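Results of the structural survey
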Amino acid sequence: MAIKTVRNRLTGPALEIALTTANSAAQAWYGYDQGVISGILIGSHFIEQFPQTKNPDIQGITASCFSLGNLAGCLLAAFFGDRMGRKNTLRAGALWSTIGAILQFSATTFPQFIIGRVINGLGNGLISSTCGMYQAESCRGPRRGKLSVIVVLHNVVFYCLASWLTLGCSYINNSAQWRLPLALQLVPCMVMCSILPLLPESPRWLVMKDRREDAQEALRRYLGKDLSEDDPVVINELLSIEEAYNIEKQSRISFKEVVLCRDRSGHLKRLLLGCGGQFMQQFGGINALNYYFPIILTENIGLTEFMARVLTGCNATSYMISSGLCFWMIERFGRRSLMLSGLGLQCLAYVMVALAIGLQTQAPFEWGAVAITFLFFYYAAFGCTWGMVPWVYQAEINSLAMRTTGSAAATATNWLFGFVCTQFTPTGIRNIGYRFYIIFAAFNLLFVPVVYFLYPETSNRTLEDIDEYFDADSGHTTIIPFGDKASKSTARPQEAIDAEIRRVTVADKRVEANKTSVAHVEEVED
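Residues numbered from 1 in each chain as written. Predicted model: local features only at pLDDT ≥ 70, side-chain atom pairs only at ≥ 80, totals over all residues. Heavy atoms only, no water.

Quick word on the overall build of the chain
In plain terms, the rule: To qualify as a helix, a DSSP run of H or I must reach at least 4 residues; to qualify as a strand, a run of E must reach at least 2; elements of each kind are numbered from the N terminus. Using C-alpha atoms as the atom set, the radius of gyration is obtained and then compared with a globule rule of 2.2 Å times the number of residues to the power 0.38. We call a residue buried when its accessible area falls under 20% of the maximum for its residue type, exposed when it is over 50%, and partly exposed in between, using a 1.4 Å probe and counting protein chains only. Residue exposure ignores everything except the shown protein chains as possible cover, and the areas themselves are Shrake-Rupley values with a 1.4 Å probe. In this tally Asp and Glu are treated as negative and Lys and Arg as positive; neither His nor the chain ends contributes. Where a charge lies is defined by one atom per residue type, namely NZ (Lys), CZ (Arg), CG (Asp) and CD (Glu).
Counting its regular elements, the chain contains 25 helices and zero strands. Here the C-alpha atoms of the chain give a radius of gyration of 24 Å, agreeing with the 24 Å that 2.2 N^0.38 yields for 526 residues. Over its C-alpha atoms, taken along the principal directions, the chain stretches across nearly 90 × 55 × 40 Å. Across the 526 residues of the chain, 57% fall into the buried class. Roughly 20800 Å² of accessible area belongs to the chain as shown, and the carbon and sulfur atoms make up 66% of that amount. In the chain, 44 positive and 43 negative side-chain charges are present, and the distance between their average locations comes to 6 Å.

Right, dumping it as structure tokens:
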């Protein structure tokens, strides 16, 4: 009874905070793993327990097998996510991740540790492909970007916490040096699972499942404090969502037709934009650094283990602060501007790191300092741009019917190419030295025209505005022309406002027609 009362009382800002906290705890898992594994890979007691990790290839698979598990989890989310719902998918992911975490921190053999990481990754794949979507579908349009940034920001916050935690635990003179940090990853899981019962399901998922009354109640609670079910704000939002979904259902065609781009909603194009954002994030070079930052500092730059751990913690802190800035930037400057500026800054950072490491033999201290400076610079640039935007973009770019599949596919792309970068980074660092960093500088430069000509702006739009943009009758083309202001403006375009008015009007007429029909039937029966 008490839980039910709390459920009913949580509305408006309080419910928004609870939703964001649950999804933030879900997103925290990935960042925490990156921070923990990068710290324990150079730990003396971990190496003593698993000496095979001194081999670069084994070291690579130790870090990257987590990404393979995530890939499998994303595929499961694509197949079963719409059937289970957003909340139950998160619960299933938490169960698998808990099993994997226990196997890891209790490991006495290397195979058990690897199996634990894969299972942990499987659960995290289910979670990471769902939490952003759940957040985007449940938030009010004007606040969606900022709140989604808060969710993704916890990835970085927990990466930072894990980096400092592994430094502190490095002073423990037994296996708790690495077991304790791995065990503490269960904390975000417990937070998420304790809050989920207080939250309504995604209203858009409920519309898709024809649960109109539940969707209306969910919208009543999400859209404002103590609104009534027949409040115009609630009714208009419900009618707009229903009409957008009805249009989508009426034009629904086979998967073959979608692949051949014969649908009116641009499903394939939108799915590829989400996947492309995650591909560009990975080949922008982040996971070449995240998992191996202490190793790069010790092997490429020649620092001691202690200094490498301290600088990793300092870098993680500046990375966290930079990522936090995106909260104020994402709606003001828009997704496109952040992606384009991020690519330029990341390219500059990698060029300077490659130059510094290439010349380090001439002046080890001076060029080492330059390399460290631009590694920090890279993280600062990435944090407030590509660290946040692809996760927000993939959650909002797909249509309602394709949102689960599209989000899972985009997240799977992140994990697949994260695996590639993570697996081959140790070998690349050892074999080709500074040239390894030039590869990522080139990728960042190549991605600039891709973003400029293919990625429309989504800030300050409702999810239904984005559906309207990709509709076959909208007049928008795949290649964005130089003069297309509606595709680039951070303000909500007038065409989107007009389209929403049309949707609400059509849906309202349909509801009135249904009421008239029911009244006529009842009158005849009397």
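Once the structure has been displayed, the description carries forward.
Side note on the side chain of serine 323
The condition is simple: In this description, contact between two residues means that some pair of their heavy atoms is separated by no more than 4.5 Å.
Note on placement: serine 323 falls in helix α18 (residues 305-358). Residue class for serine 323 comes out buried when judged on its relative accessible area of 0%. Apart from the residues lying within four places of it in its own chain, the contact partners of serine 323 are Val149, Leu153, Val156, Gly383, Cys384 and Met388.

A few points about the side chain of serine 129
Defined as follows: In protein, a polar contact requires one atom able to donate a hydrogen and another able to accept it; more generally it is a pair of N or O atoms within 3.5 Å, and residues adjacent in sequence count only if both atoms are side-chain atoms.
Tracing the backbone shows serine 129 in the loop between α6 (110-128) and α7 (131-138). Looking at serine 129, the relative accessible area reads 1%, which means it is buried. Within the local environment of serine 129, its side chain forms a polar contact with the backbone oxygen of glycine 125, the two atoms lying 2.8 Å apart. Within the local environment of serine 129, its side chain forms a polar contact with the backbone oxygen of leucine 126, the two atoms lying 3.3 Å apart. Setting aside anything within four residues of it in sequence, one finds serine 129 in contact with Cys74, Ala77, Ser407, Ala408 and Thr411.

Details of unusual backbone geometry
One non-glycine residue with positive phi stands out, namely aspartate 210, at about 60°. Residue class for aspartate 210 comes out exposed when judged on its relative accessible area of 60%.

As for the pattern of salt bridges
Here is the rule we go by: We define a salt bridge as a contact between a side-chain nitrogen of Lys or Arg and a carboxyl oxygen of Asp or Glu at a distance within 4 Å.
Across all of its chains, the model carries 16 salt bridges by this definition. Here arginine 211 makes a salt bridge to aspartate 214, at a shortest N to O gap of 3.1 Å. A relative accessible area of 37% places aspartate 214 in the partly exposed class. Across the pair lysine 225 and aspartate 226 runs a salt bridge whose closest N-O atoms are separated by 3.8 Å. Summarising the burial analysis for this pair, lysine 225 and aspartate 226 share the class exposed. Here the salt bridges share partners, and the residues they tie into one network are Asp82, Arg86, Glu137 and Arg403.

What to know about the nonpolar core
In plain terms, the rule: In these notes, a set of buried Ala, Val, Leu, Ile, Met, Phe, Trp, Tyr and Cys residues joined through side-chain atoms within 4.5 Å is what counts as a nonpolar core.
Membership of the largest hydrophobic core comes to 69 residues, with the highest contact counts inside it found for Leu297, Tyr350, Leu375, Tyr378, Tyr379 and Tyr437. Among the elements that take part in this core, α18 stands out by supplying 17 residues, more than any other. Core analysis: the next-biggest nonpolar cluster, separate from the first, contains 36 residues, Ala25, Ala94, Val207 and Ala218 among them.

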